[in-house]
Structure formats: structure tokens, C-alpha cells
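Single-letter residue listing:
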Amino acid sequence: MRVRKSKPGMLLVGALVATLFLVGLFGVRGNMGTPILSRTRTHLRVPYTPGTRRFWTRSGSHGLQRDTQGHVSIYPDVGNSPGLSSDSSDGKLGVLMLNLGGPETLDDVEPFLYNLFADPDIIRLPGPLRKLQPFLASLLSRSRAPKSKEAYNSIGGGSPLRKITEEQAAALEQALKDKGQDSKVYVAMRYWKPFTEESIEQIKEDGIKKLVILPLYPQFSISTSGSSLRLLAEIFRKDKDLSDLQHTVIPSWYQRPGYVAAMCDLIEAELSKFEDPKKAEIFFSAHGVPKSYVEEAFDPYQDEMEHCVQLIMKELRRRGVENHETLAYQSRVGPVEWLQPYTEDAINELAEKGVNDLLVVPISFVNEHIETLEEIDMEYREVAEEAGIKNWGRVPALNSNPRFINDLATAVLDAKPYIGGIGTNDAESLVPGGDVEDLISLYDNSSEQPIVAWEWGWNRNAETINGRIAMIALAALGALDFLM
């Protein structure tokens, strides 16, 4: 048998992997002690209920706000907003639709994954390790590319996300025209073409002076809308030619009546296909995020997701639909804890309880893409069938649903008076609309972490450290694979 010689560095990497494995196995046990700074911030997340209203208090003209239920938000002072515009005849309105992006061919998969993992809002490394982000992104994208290529190959060899998003943009532009608004709608992807930078250059070439920024994520998260907005803020800071581009952001819009109604229309249509529609479990599957994003970085995503499901179920109840519902979170990767229940676990639990009919609703997606076409339609359907679920259904993504697109057009027009200033378009919104730079700055200020002293013991902070060590272990494993 041929013995393979070790390359330089393999022993070191192997030792690192072994050490980190043992540390991860037994855990770093530490109690982070009493904060040295007095500016500690607690985050009591109370699940949203229909009777719970958010009451905000101000801390200066801009700043972190906390309601009486413990929710945290940024609440700009609308009274100080400069240059609000409500004139519909002041030139062509630009609309920038933000989306994730996806590889269009199998050759695009690895560079797409690199762009994804290189984003610090996706993989949050501690300060001293942030310089390793490109190295980690390279290792992870290389190691995950083969499996990802298999997934994309199973849905036709690439993601349909760009095509569907561009169709949505064209439909939105027409809907705005029908409402009397001359506009140009642009598509900006975060991790693939057309890249955000390219779309901004086109906006400059077209001479757009007023812009509404519309993330295609119904619920706000620092890992989706927040990441795209952070990139935009950086672009705006560096490009002096954009200094006269007035804009506003619609950071989340899950609570809009048109969106809720469109979702209910699709759910009712799919329920009608079951032999006994009343027995089907309505299973909302949302994209997951690490639990630390919610508990440590004050990400409003889970609050907004739960509220979104409640609004949809309230409308379904009004229409006479009394089915039971479940909310779960999919797409978990890595060793750290994500929002729960996980979709796979929830499906198995429902099957154990005797549920035979399951209608899956992709609640955080408005486009068909890899997570609906492959992860839900193939992976989770297989899980359901193996668990004993007999009848499976899946609600399609909204795509260019006319009711949905019409409501997005109304949302753009509703946001237009806030161009050039800061304001909130909806009293229920956890993250108000406003200027990109201000929103990012305020959100960063809201997530300051107290300086802490170390003592021995066990608590949630130790679990966080374990997760970060495990992430470093992933990098070490990738390095080992590269060297071998």
C-alpha cells in the first residue's frame, strides 16, 4: 500500500484540529462575570401576541429604544427629518430591489459561496480573527462546493433567482406606471450578478436623484437586509458622486395587508387540493439564523417572523380557515445553535403526533430558489415521507403574484415622502425606514457589548465561545483538506 507523505504544516493543522475537537467536546466553561461598564443592555425577547403593542421611548433625536415588553429598536425622530418629498412630478423615481443572488451555472457555485462566506454578517468572527475571514471563506467555499453543485444540478444546473427577480422588477415598474409614477426599477444582488456595485453605477448613469431601497426580504435580519444595507452604506460613503442621491429604505414589509392577503390566497389554493383540507397542518418554514444574532445582536428577525405568521393566521381565521399551524426554521449550518424548532425536527414531531397531511409554506422567501426547490421540495419532503406523512403540499413562492406586486408598488409610493429624511412607515415595524447610513449607524450602536471579566463557571457566554471555537475548527478542517 502506498503511504502518502505529510506536507509541511499538516501535523500542525492536525494537532490544531484535535485540540479544538477536545475543547469543543468538553466545552470552554466560563462565567463572564460582572460587566465592567455600566452601560449593560439586557434583551428580553417576548413573543409577539396580537394584544401586545410596542410603546417606544426616545433617547435624543436618534438612538436605541426599548418598549415596555423588552423589545429593542431604532426609532429615528421623524420631526427632525430634512427634505421630505411628496411631489410625484419631480423626475423619474428609482427603486433598488435587493436580493441574495444565486449561481446561474455550476461553475458559479464556488465563487458564489466564497462571496457568501466572506461576508462578516454571515460568519461573525471575533475581532482578532476577522482578518482570517477571506481564508475561512476560501476553505469553506471549496469544501462545500461539490455538495452545493449536486443540489443546484438537481434543480436544473443553476439558480432561477436572477430571472425571477428581474421579472418582479419589470412587474413592479409596470405597477408603478399604472399608479401614475414614472420609475426605473433596478436589481442588486448581494453575492452574485448583478452585483450591488454594478446596479449603483447604472443608477448614476441614468441620472436618478431619488431612490427607494426595497429589500426583497419580508422580515428584517442583519444577515439579509442588514448585510445589503451595510454594503450600500459603504458605497455611499466612498462615492462622492452619490452625495446628491436622496434615498429612503423600506427595511421590512411583512405586515403589509397586500402581502398578507397574497400569502393567504396561495395557502387557501393549496389547501383545497387536499382530500380533507381541514386536517392539513399549515407548516411555515422560515430561513434560520444563529440564535446569537437575536440574543446578542438584537436582530428583530424572530419577532418579525412570529408576528408575520400571526398576521397570516389571523387573516385565514377571518376567511374561515381553522387549521393548526407550526413555525420552524430551516437551512441551519455549522456547529452553533440556530433558531428553533428546526424544520426537520418539527416535521418528525408532527408525524409522531399523528399528522398525515402537511402543507409547507416558505414564509421568508418571495422567489423560488435553491431553498424552496431543493431543500424543501426534495430534502424535507423525503424527511416527511420517511416519518410517515402521507400527503404533502407546498405553497409556491409569491414570485410575480399580481396582488403582491401591486402591494409592493403601494409600499414604494408610501415610502416616497420619506426620501431624503428619516421616518417610519408603519407603527408596527421593529426597524423603521430611513437613510441607509443612519439605519446602519443606529443599528451598530444598538448592539454594543459590555466589557466583561472572566471567572470560572458555566453560562450562555461560554456556549458562544464554544461556537466560535467550533468555527475555527471548521477552518482548520478545511485547511487540512486543502493540504491533503
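Every value quoted in this text rests on a predicted model; they were computed, and no experiment measured them. (Residues numbered from 1 in each chain as written. Predicted model: local features only at pLDDT ≥ 70, side-chain atom pairs only at ≥ 80, totals over all residues. Heavy atoms only, no water.)

Novice: Account for the overall build of the protein chain, with residues named and values stated.
Specialist: Summing up its helical and strand segments, the protein chain has 14 helices and 10 strands in all. By the burial criterion, 51% of the 484 residues in the protein chain qualify as buried. Put simply, 80% of the contacts in the protein chain that link residues at least 6 apart link residues at least 24 apart. For the protein chain, the exposed area adds up to about 22,600 Å²; of that, 53% sits on carbon and sulfur atoms. (Helix = DSSP H or I, 4+ residues; strand = E, 2+ residues; numbered from the N terminus. Buried < 20%, exposed > 50% of the residue type's maximum accessible area, 1.4 Å probe, protein only. Contact = heavy atoms within 4.5 Å. Areas by Shrake-Rupley, 256 points an atom, 1.4 Å probe, with all protein chains shown as cover.)

Novice: Any chance you could break down the pattern of salt bridges for me, citing the residues and the numbers?
Specialist: Taken as a whole and judged by the stated rule, the model has 26 salt bridges. With its nearest N and O atoms 3.3 Å apart, the salt bridge here joins Arg 256 to Asp 414. On the criterion of sequence distance, the pair formed by Arg 256 in the loop between strand S6 (246-249) and helix H7 (257-271) and Asp 414 in helix H12 (residues 402-415) is long-range, its members being 158 residues apart. A relative accessible area of 38% means that Asp 414 is categorised as partly exposed. Arg 317 is the salt-bridge partner of Glu 325, the closest N and O atoms lying 3.3 Å from each other. A cluster of three or more residues bridged by salt bridges with shared partners is formed by Asp 265, Glu 268, Glu 315, Arg 318, Arg 319 and Arg 403. (Salt bridge = Lys/Arg side-chain N within 4 Å of Asp/Glu carboxyl O.)

Novice: So what about helix H10 (residues 343-352)? Which residues, and what values?
Specialist: Within H10, burial applies to Thr 343, Ala 346, Ile 347, Leu 350 and Ala 351. Angular distribution of buried residues about the axis of H10 spans 135°; they occupy a single face of the element. Where H10 ends, the next residue or the one after it, Gly 354, has phi of about 95°, a positive value. (Arc of directions from axis to C-beta.)

Novice: Help me get a handle on the pairing of strand S9 (residues 357-362), residues and values and all.
Specialist: When you tally the buried positions in S9, you get 6 out of 6 residues, the bulk of the element. By the alternation rule, side chains of S9 split into Asp 357, Leu 359 and Val 361 and Leu 358, Val 360 and Pro 362, which are all buried. In this sheet, S9 lies alongside strand S7 (residues 281-287) in parallel orientation, the contact comprising 5 bridges. From the neighbouring strand, Phe 284 faces S9, where its bridge partner is Val 361. Bridging between S9 and strand S10 (residues 391-394) involves 4 bridges; their strand directions are parallel. In the strand pairing of S10, Val 360 is matched with Arg 394. (Pairing = 2+ DSSP bridges.)

Novice: Run through the sheet that holds strand S8 (residues 325-330), naming residues and quoting values.
Specialist: Reading across the sheet, the 4 strands line up as S8-S7-S9-S10 and stay open at both edges, with parallel pairing between neighbours. One side of each edge strand has no neighbouring strand; the edge strands of this open sheet are S8 and S10. When strand polarity is set aside, the average angle formed by the axes of neighbouring strands in this sheet is 25°. (Axes fitted to C-alpha atoms, helices over the stretch in contact; angles between N-to-C directions.)

Novice: I'd like a description of the sheet that holds strand S5 (residues 210-215), backed by residues and values.
Specialist: As summarised here, the arrangement of the 4 strands in space is S4-S3-S5-S6, forming an open sheet in which the pairing is parallel. Only two strands of the sheet have a single neighbouring strand rather than two, namely strand S4 (183-189) and S6. Direction aside, neighbouring strands of the sheet carry axes that sit 20° apart on average. With 5 bridges joining them, strand S3 (residues 93-99) and S5 adopt parallel strand pairing. Its bridge partner lying in S5, Gly 94 is registered against Leu 211. Where helix H5 (residues 196-205) meets the sheet, its contacts fall on S3, S4 and S5, and the angle it forms with S4 comes to roughly 160°.

Novice: Lay out the packing of aromatic side chains with the relevant residues and their values.
Specialist: All told, the structure shown has 3 aromatic pairs when counted by the stated rule. Between Trp 253 and Tyr 259 the ring centres are 5.4 Å apart and the planes differ by 85°, which places this aromatic pair in the edge-to-face class. Given a relative accessible area of 1%, Trp 253 falls into the buried group. You can call Tyr 259 buried: its relative accessible area is 1%. (Phe/Tyr/Trp six-rings, centres within 6.5 Å; stacked < 30°, edge-to-face > 60°.)

Novice: Requested: an account of the nonpolar core, with residues and values cited.
Specialist: With 82 residues, the main nonpolar core has Leu 172, Tyr 259, Ile 267, Phe 284, Ile 312 and Ile 363 as its most contacted residues. Once you skip the residues sitting within four places of it in the chain, Tyr 259 turns out to touch Pro 218, Gln 219, Trp 253, Tyr 254, Cys 308, Ile 363, Leu 398, Phe 404 and Asp 407. Within the second largest apolar cluster, 17 residues are counted, among which are Phe 112, Leu 125, Trp 192 and Ile 370. (Core = buried A, V, L, I, M, F, W, Y, C linked by side-chain atoms within 4.5 Å.)

Novice: Quick one: what's the story with the side chain of Thr 372, residue by residue and with numbers?
Specialist: Structurally, Thr 372 is set in helix H11 (residues 370-387). At 2.9 Å, the side chain of Thr 372 forms a polar contact with the backbone oxygen of His 369. Residue contacts for Thr 372: discarding those within four places in its chain leaves Pro 362, Phe 365, Asn 367, Asp 377 and Arg 394. (Polar contact = N/O pair within 3.5 Å; in protein donor to acceptor, adjacent residues only side chain to side chain.)

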